[in-house]
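Residue-level structure breakdown
What follows is the residue order along each chain.
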Amino acid sequence: MAAGSGVAAESCVGQVVLPGDVLLLPAHPEEDGERLRLGAGAAPRGRLLCGPGLRRCAGGLLVTKCGLLRHRPAGGGAAGGAYWVDSQQKRYVPVKGDHVIGIVTAKAGDVFKLDVGGSEQASLSYLAFEGATKRNRPNAQVGDLIYGQFLVANKDMEPEMVCIDSSGRSSGMGIIGQDGFLFKVSLGLIRKLLAPKCEIIQELSQLYPFELVLGMNGRIWVKAKTVQQTLIIVNILEACEYMTAEQRKQALAKLSGN
């Protein structure tokens, strides 16, 4: 689509956009005001963050996924912020920096092969764990769950995961315990659960104490005190995708009354 034939991005926020649409950005006189940077972190002051479902083009932003256009303004009233497409897709595409839950499928030489729900398996080195050495290797077996983040993720290379941050610390990543329940939800629900001060998580924490691991690839691992409590939490999380906030509160009120 030729530049200038699109519509203003601000006017499309909250509306459905389709692949191929061009969203025009407002011109800023500041130097580098219109540059985009891919990533999941906060955008620098005056910079615009290009999120999932969008790609930079000559006319502004090119939509690559169908869904609702979302926008998060920059802090302090600065220009920029973030645009992304909120969709209900279930097929995960690896993105550098994403924290995901992988399933060990094989041990090949010095690496583990993990199923992360993408088009191909990811690799994870034995040394990509906190305190790991050639003699002190992690005891991961085929079928184990591993929580880590992508170090390399692009269409031309095999995805590569690590279980340490930039300072060599695990920061909660590593092999997940044997107990618990793993299930899959849409990527849209995962983003909602990962939002700061998520109401769903806060309401569930008042019902039962539980452990929860959320992967950007749509996988959730949960463990409560008993199997019954674990299954109740799983059912509520799965139903949250189709329930309103009021329906969810009514369901939790019935459970807490029991």
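Keep in mind it's a predicted model, so treat the numbers as computed, not measured. (Residues numbered from 1 in each chain as written. Predicted model: local features only at pLDDT ≥ 70, side-chain atom pairs only at ≥ 80, totals over all residues. Heavy atoms only, no water.)

So, the overall build of the chain
Under the convention used in this document: Runs of E in the DSSP output that reach at least two residues are strands. Runs of H or I that reach at least four are helices, and both are numbered from the N terminus. Exposure classes here rest on a 1.4 Å probe applied to the protein chains alone. A residue is buried below 20% of its type maximum, exposed above 50%, and partly exposed in between. We call two residues in contact whenever any of their non-hydrogen atoms come within 4.5 Å of each other. Computed by Shrake-Rupley with a 1.4 Å probe, the accessible areas treat only the displayed protein chains as cover when residues are assessed.
On a plain count of helices and strands, the chain comes out with four helices and 18 strands. Expressed as a percentage of its 258 residues, the buried residues of the chain come to 38%. The contacts of the chain with a sequence gap of at least 6 include a subset with a gap of at least 24, amounting to 59%. Of the roughly 14300 Å² that the chain leaves accessible, carbon and sulfur atoms contribute 52%.

Quick look at the nonpolar core
The criterion, for reference: Each nonpolar core is a collection of buried residues, namely Ala, Val, Leu, Ile, Met, Phe, Trp, Tyr and Cys, held together in the definition by side-chain atoms within 4.5 Å. Source of the domain bounds: an automatic or database domain assignment.
Phe112, Leu114, Leu124, Ile146, Phe150 and Met161 are the most contacted members of the largest nonpolar core, which totals 27 residues. Taken together, the elements giving at least two residues each to this core come down to strand 10 (99-108), strand 11 (111-115), strand 12 (122-125), strand 13 (145-154) and strand 14 (157-162). Counting residues per element, this core draws most heavily on strand 13, at five residues. Structurally, this core is a two-domain feature, drawing no fewer than three residues from each of domain 2 (96-173) and domain 3 (179-254).

Here's the deal with the pattern of salt bridges
The condition is simple: Throughout this description, the term salt bridge denotes a Lys or Arg side-chain nitrogen within 4 Å of a carboxyl oxygen of Asp or Glu.
A full pass over the atoms with the stated rule returns seven salt bridges. Salt-bridge contacts for Glu130 lead to Arg169; the nearest nitrogen and oxygen are separated by 3.3 Å. Taken together, the positions of Glu130 in the loop between strand 12 and strand 13 and Arg169 in the loop between strand 14 and strand 15 (174-175) put the pair 39 residues apart, joining distant regions of the chain. What makes Glu130 partly exposed here is its relative accessible area of 38%. For Arg169, a relative accessible area of 52% translates into the label exposed. Residue Glu203 pairs with Arg248 through a salt bridge whose shortest N-O separation is 2.8 Å.

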